[in-house]
Amino acid sequence: MTNDKPRVRFAPSPTGMFHVGGARSALHNWLYARQHGGTLVLRIEDTDASRNRPEWTEGIIRALAWLGIDENQYEGPFFQSANAEEHRKAVERLRVAGRAYFCDCTRDDVIARTGDSYKGYDGHCRDRGLEAAPGRALRFRTPDEGTTVVIDLIRGKPAFENATIEDFVIARGDGSVLFMLANVVDDMTQGITHVIRAEEHLSNTPKQQLLWEALGAQPPIWAHVPVVVNEKRQKLSKRRDKVALEDYQAEGYLAEAMRNYLMLLGWAPSGDREIVPWSVIEEEFRLEEVNPSPAFFDVKKLRAFNGEYIRALPLADFIARCRPWLVAPQAPWTPEQYDEDVFAALAPLAQTRVAVMSEITAIVDFAFLDEPEIDEASWNKAMKEPAAAILAAAIESYSDAPWTAEELKSRTEAIGVAHGLKLGKTQAPIRVAVTGRTIGLPLFESLQVLGRDRTLARLRKAATALA
């Protein structure tokens, strides 16, 4: 086998949201193909009809495109179900060659014979000569002796004693072919030379390699990337962890930040750096250098990554990417209340303060809502004595002030001096009265954008509420 022009494949099942671990595997395959002038094949393994849904397939294609792997980057999508005839032919070839046999044993039968519920199949039907019949599965006859050695670019040459590999089922009693064989036949049909996939599939690899050899073909080169785990070092689970790529996209993670972070799960670029352009990753990444140890998916670190990417955006790009969160259904204001010029003035202040794009809505809502949404905890914290006096002084001082951030800050500092307070304490009730929260954009720049009339109206309303 030559790896001059490799053919790799990404073969997800359309049975749910797109897992971040799957996204990493897709990037590994895509990048390996690009680096070696090869081809990426997208195959949708849709043979589990009870769980497959068309929208999941569409979601896979959309998620890949969001990562940068659009329809121009791969062959396909091909569907495993369309290759059913080749699967059946492979089953028959193995049966005729004596590499597979029919079996009518149930799991209970095996346990009754072995007395061990954890023990695998005991080969009871190997030499019974059963013919095809309803309910009889077809099992692959594994070698009794020898060792199956897997050539793995990441893990070296793991060896598996054939005697420990049970005779596994390749076709059910109804004739339908199982994933183990279908996967091999599809790879053979599509000329796959390298299989790059998650570590969880490593235990299947000796079985699949035996199938390749039994069907007269040279097995591919394997590469099993490390399992992705959470902070408790447990494998990421959709029942327990946030794993859907679509959820991160909806929350406002940037594709380039996600792509960069996923590539660091088991690998690192040169030097003491992690945030690097994709061009650097494409130049430096080597599949052979991926660490086989479990990789920690650190959501806090990903969030920090994303904030760095957001801050690095050109302002015009940041404004454009905010747009989905500035309109319905994300935004709580009407189209008539929204003002693009007002947002453009606030955007430079906001860009340094959001870690995910969805945070932009709450941080600028004070500028577009008729009244700010008052956070009760913020109100209770800020509106203590001498809050009423500060608000009254601010209303009087701001009424004739030149409406600039510098002047508003200066006058607020003077109010603080009169009450023996530092600026932070002085501006707290003003901030909550105007924006509804104790934390937000720089206050005086925000007041400048909001304007004198709206600012004074909110201060008066808050003062009345206190009185």
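Before going into details, it helps to say that this report is about the structure given with it. Please read these numbers as outputs of a predicted model, since none were measured by experiment.

Each helix and strand in the chain was counted, giving 19 helices and 12 strands. Here the C-alpha coordinates of the chain stretch approximately 100 × 50 × 40 Å along the principal axes. The buried share of the chain, taken over its 467 residues, is 48%. Working note: accessible area of the chain is about 22200 Å², and carbon and sulfur atoms make up 51% of it. Positive and negative side-chain charges in the chain, numbering 57 and 66 respectively, have mean positions lying 3 Å apart.

What follows concerns the nonpolar core. Core analysis: the largest hydrophobic core is formed by 104 residues, its most contacted members being Phe297, Ile360, Val364, Tyr398, Ile430 and Leu459. The greatest single-element share of this core, amounting to eight residues, is contributed by helix α1 (residues 20–35). Among residues more than four places away in sequence, those in contact with Leu459 are Leu391, Ala394, Ile395, Tyr398, Ile430, Ala433 and Val434. Within the second largest apolar cluster, 33 residues are counted, among which are Ala100, Ile170, Ile192 and Val195.

The buried fraction of strand β2 (residues 39–44) is high, at five of six residues. When strand β1 (residues 7–10) meets β2, the two strands line up parallel, connected through four bridges. Counted as the bridge partner of Arg9 is Val41 from β2. With α1 bridging β1 and the parallel β2, this β-α-β connection has right-handed handedness. Note: β2 against strand β3 (residues 75–79), three bridges, orientation parallel. Opposite Arg43, over in β3, you have Phe78 as the bridge partner.

This part covers the packing of aromatic side chains. Within this structure, the stated rule accounts for 12 aromatic pairs. A ring pair is formed by Tyr338 and Phe368, whose centres lie 4.9 Å apart and whose planes are at 55 degrees; its orientation type is tilted. One end of the pair, Tyr338, is in the loop between α11 (315–322) and α12 (340–351); the other, Phe368, is in the loop between α13 (360–364) and α14 (376–382), with 30 residues separating them in the sequence. Overall, Phe368 belongs to the buried group, its relative accessible area being 2%. The rings of Tyr248, Tyr253, Tyr261, Phe297 and Phe305 are connected pair by pair, giving a single aromatic cluster. When the ring centre of Tyr121 is taken as origin, the NZ or CZ atom of Arg139, which lies over that ring, is 3.6 Å away. Over the ring of Phe296 we find Arg233, and its NZ or CZ is 4.7 Å from the ring centre.

Time to look at the side chain of Gln209. With respect to the element layout, Gln209 can be found in helix α6 (residues 205–214). Looking at Gln209, the relative accessible area reads 6%, which means it is buried. Only 2.9 Å separates the side chain of Gln209 from the side chain of Trp222, close enough to count as a polar contact. Ignoring any residue separated from it by four or fewer positions in sequence, one finds Gln209 in contact with Thr148, Val149, Val150, Pro219 and Trp222.

On to the pattern of salt bridges, then. Throughout the structure, instances matching the rule amount to 29 salt bridges. We note a salt bridge from Glu308 to Arg311, for which the minimum N-O separation is 3.3 Å. Within this pair, Glu308 and its partner Arg311 are both found in helix α10 (residues 299–311), separated by three residues, close to a single helical turn. Owing to a relative accessible area of 42%, Glu308 belongs among the partly exposed residues under this scheme. Judged by its relative accessible area of 39%, Arg311 falls in the partly exposed class. The salt bridge partner of Arg437 is Asp365, with a shortest N-O separation of 3.0 Å. In this pair, Arg437 sits in the loop between α17 (423–435) and α18 (443–450) while Asp365 sits in the loop between α13 and α14, placing the two residues 72 residues apart along the sequence. A relative accessible area of 3% places Asp365 in the buried class.

What follows concerns the environment of Glu406. Turning to its location among the elements, Glu406 is positioned in helix α16 (residues 405–419). Distance from Glu406 to Phe444, taken between C-alpha atoms, is 7.4 Å for residues 38 residues apart in sequence.

Moving on to α18. Every buried residue belonging to α18 is among Leu443, Phe444, Ser446, Leu447 and Leu450, and all of these are buried. Along the axis of α18, the buried residues cluster in a sector spanning 155 degrees; they form a single face. Contacts made by the buried residues of α18 are with α12, α15 (387–399), α16, α17 and α19 (452–466).

Definitions and limits used
Residues numbered from 1 in each chain as written. Predicted model: local features only at pLDDT ≥ 70, side-chain atom pairs only at ≥ 80, totals over all residues. Heavy atoms only, no water. Helix = DSSP H or I, 4+ residues; strand = E, 2+ residues; numbered from the N terminus. Buried < 20%, exposed > 50% of the residue type's maximum accessible area, 1.4 Å probe, protein only. Areas by Shrake-Rupley, 256 points an atom, 1.4 Å probe, with all protein chains shown as cover. Lys, Arg positive; Asp, Glu negative; His and termini not counted. Charge placed at Lys NZ, Arg CZ, Asp CG, Glu CD. Core = buried A, V, L, I, M, F, W, Y, C linked by side-chain atoms within 4.5 Å. Contact = heavy atoms within 4.5 Å. Pairing = 2+ DSSP bridges. Right-handed = clockwise from strand over helix to strand, strands pointing away. Phe/Tyr/Trp six-rings, centres within 6.5 Å; stacked < 30°, edge-to-face > 60°. Lys NZ or Arg CZ within 6 Å of the ring centre and 35° of its normal. Polar contact = N/O pair within 3.5 Å; in protein donor to acceptor, adjacent residues only side chain to side chain. Salt bridge = Lys/Arg side-chain N within 4 Å of Asp/Glu carboxyl O. Arc of directions from axis to C-beta.

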